[in-house]
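Fold and contact review
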Amino acid sequence: MPLFRRRSGGEGGQDRTGRFGFGFGFGRRAAEASAGDRDTARSGARSGAAGASAPRLDPAFGDESVRLVLRQAAAGDWPALRPALTAGTDGTDTAVGATGTDGADLTWLVEAIADVPGVEEWTARAIADAPDDPLPLLLSGARHVSWAWEARSRAQAEHVTEEQWKLFHQRLDVAEEHLLEVAEREPSWLAPWYFLQISARGASLGPEVAACRFEAAVRRAPGHLGSHRQRLQQLCAKWGGSHDAMHEFARSAMLAAPEGSPFGELVAIAHLERWADLPDGEDHAYLADPAVLAELQEAAFRSVLHPDFVPVRGWQEGFNTFAMVFSLADQRKTARLLFDALDGQVTESPWRRLAGDRVKAFRAHRDRCAAG
């Protein structure tokens, strides 16, 4: 059945891979969110099946300031781009630069820029022009991580060619060099440790290195969801971990966080990882299991559907994750709450897990849940 067909390959794929508080009504802390996020949520809440916006995949997540940053990165306009990064915070409320902050998360922005083709070229020139500036080094390191996975592709390991493996590891070597240098120069920054978790996984540096890098990241930003996503990936069976370790980490992290935290998404990701590892037939039965459904409901109502959930940049990814898993589990009413709030905003993760086009997969599941 195409609607439920998993994407072939993906063994050891990179999930880097948000957040919006949307209970029944608007949360007690929703006033703290940005006006743009509140408006997006309201339009999502009003949109039913007939009035829902056309699905679209937007790497800027609907944020015009991020869209500008991505255009500047694509154009190689480092002088114009740099102020946006120096104004961003990095795990704390302190701006990276000497001036104030616009509330941006440096790690989040760098991750978005890292997927832009050509960044590896102009960051090399920027490093040569200003060798003491850690920001071009950070961008280069992050770009080389993303660029390494482009070389490797998302195919299963046995289908990756020798030349692809060689290029993969060459790019990861550059990433490691640049990111470790940034970490040494800027010991308070989260960003290098976030990307070093990904490069360590790709380079198979082992569980001890992976654990140390995760601990380094959370010491700098205990509530950083992205770092916890990376740790979850490291604990997956496909990366040498186990399903038990993955689920235990996801649930423990969720319960250790206050209600309204985005960490409930980790539970949903863990169940999608388990689902993806099962053969056809068993996968749907797994998500339909009452115990699994109970865990998913608990996670959703502790996080994205909790009144205290606060939206920040990228909130859409968590909503997409829960929308997909509830749709796959045939929990259409709960899925529809999430699809309605998204109002057509599609994210790469989790829809890349399914065969075919991401936007078409989103539309098919949304329409199915609306009809149900």
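Provided above is the structure to which this section pertains.
Quick caveat, the model's predicted, so the values are computed rather than measured. (Residues numbered from 1 in each chain as written. Predicted model: local features only at pLDDT ≥ 70, side-chain atom pairs only at ≥ 80, totals over all residues. Heavy atoms only, no water.)

With that settled, the discussion passes to helix α5 (residues 119–129). Regarding α5, the residues found buried are Val119, Glu120, Trp122, Thr123, Ala126 and Ile127. Each buried residue of α5 lies within a common arc of 170 degrees when the element is viewed along its axis, so the set occupies one face. Opposite the packed face of α5, turned more than 90 degrees from it, sit the exposed residues Glu121, Arg125, Ala128 and Asp129. Turning to α5, the residues buried within the fold contact α2 (64–75), α3 (78–86), α4 (106–113), α6 (134–152) and α7 (162–185). (Buried < 20%, exposed > 50% of the residue type's maximum accessible area, 1.4 Å probe, protein only. Helix = DSSP H or I, 4+ residues; strand = E, 2+ residues; numbered from the N terminus. Arc of directions from axis to C-beta. Contact = heavy atoms within 4.5 Å.)

With respect to the helices and strands, the residue Trp189 is situated in the loop between α7 and α8 (191–202). Sequence separation between Trp189 and Thr107 is 82 residues; the distance between their C-alpha atoms is 9.1 Å.

Before going further, it helps to examine the packing of aromatic side chains. Per the stated rule, a full pass over the model turns up 12 aromatic pairs. Between Phe61 and Trp108 the ring centres are 5.3 Å apart and the planes differ by 55 degrees, which places this aromatic pair in the tilted class. Highlighted residues: Phe61 in the loop between β1 (56–57) and α2 and Trp108 in helix α4, separated in sequence by 47 residues. According to the relative accessible area criterion, Phe61 is partly exposed, its value standing at 21%. Owing to a relative accessible area of 12%, Trp108 belongs among the buried residues under this scheme. Relative to Phe326, the ring of Phe322 lies with its centre 6.1 Å away and its plane at 20 degrees, an arrangement referred to as stacked. Placement of both Phe322 and Phe326 in helix α15 (residues 315–328) is noted, with a separation of 4 residues, approximately one turn of the helix. What makes Phe322 buried here is its relative accessible area of 0%. (Phe/Tyr/Trp six-rings, centres within 6.5 Å; stacked < 30°, edge-to-face > 60°.)

Further remarks concern the packing of α5 against α6. Axis angle and axis distance: for two packed helices, these are the angle between their axes and the distance between the axes, and together they describe the pair. Two elements in contact, α5 and α6, have axes whose closest approach is 9 Å; the angle formed by their N-to-C orientations is 155 degrees. What the angle tells us is that α5 and α6 run roughly antiparallel. Once α5 is placed against α6, the crossing between them reads as left-handed. Between α5, through Val119, Glu120, Trp122, Thr123, Ala126 and Ile127, and α6, the contact on the second element is made entirely by Pro136, Leu137, Leu139, Ser140, Arg143, His144 and Trp147. Among the residues forming the contact of α5 with α6, the class breakdown is 8 nonpolar, 3 polar and 2 charged. (Axes fitted to C-alpha atoms, helices over the stretch in contact; angles between N-to-C directions. Parallel < 35°, antiparallel > 145°, perpendicular 65-115°, else oblique. Left-handed = near helix turned anticlockwise from the far one by under 90°. Nonpolar A, V, L, I, M, F, W, Y, C, P; charged D, E, K, R; others polar.)

The subject of this paragraph is the side chain of Gln233. Mapped onto the elements, Gln233 comes out in helix α10 (residues 225–234). A distance of 2.8 Å separates a polar atom in the side chain of Gln233 from a polar atom in the side chain of Glu273. (Polar contact = N/O pair within 3.5 Å; in protein donor to acceptor, adjacent residues only side chain to side chain.)

Tallying each qualifying case throughout the model produces 19 salt bridges. Residue Glu273 is joined to Arg353 by a salt bridge in which the shortest nitrogen-to-oxygen separation is 3.0 Å. Of this pair, Glu273 sits in helix α12 (residues 264–276) while Arg353 sits in the loop between α17 (348–351) and α18 (358–371), and the two are 80 residues apart along the sequence. The burial state of Glu273 is the same as that of Arg353; both residues are buried. Beyond isolated ion pairs, a larger network of salt bridges with shared partners links Asp58, Glu64 and Arg67. (Salt bridge = Lys/Arg side-chain N within 4 Å of Asp/Glu carboxyl O.)

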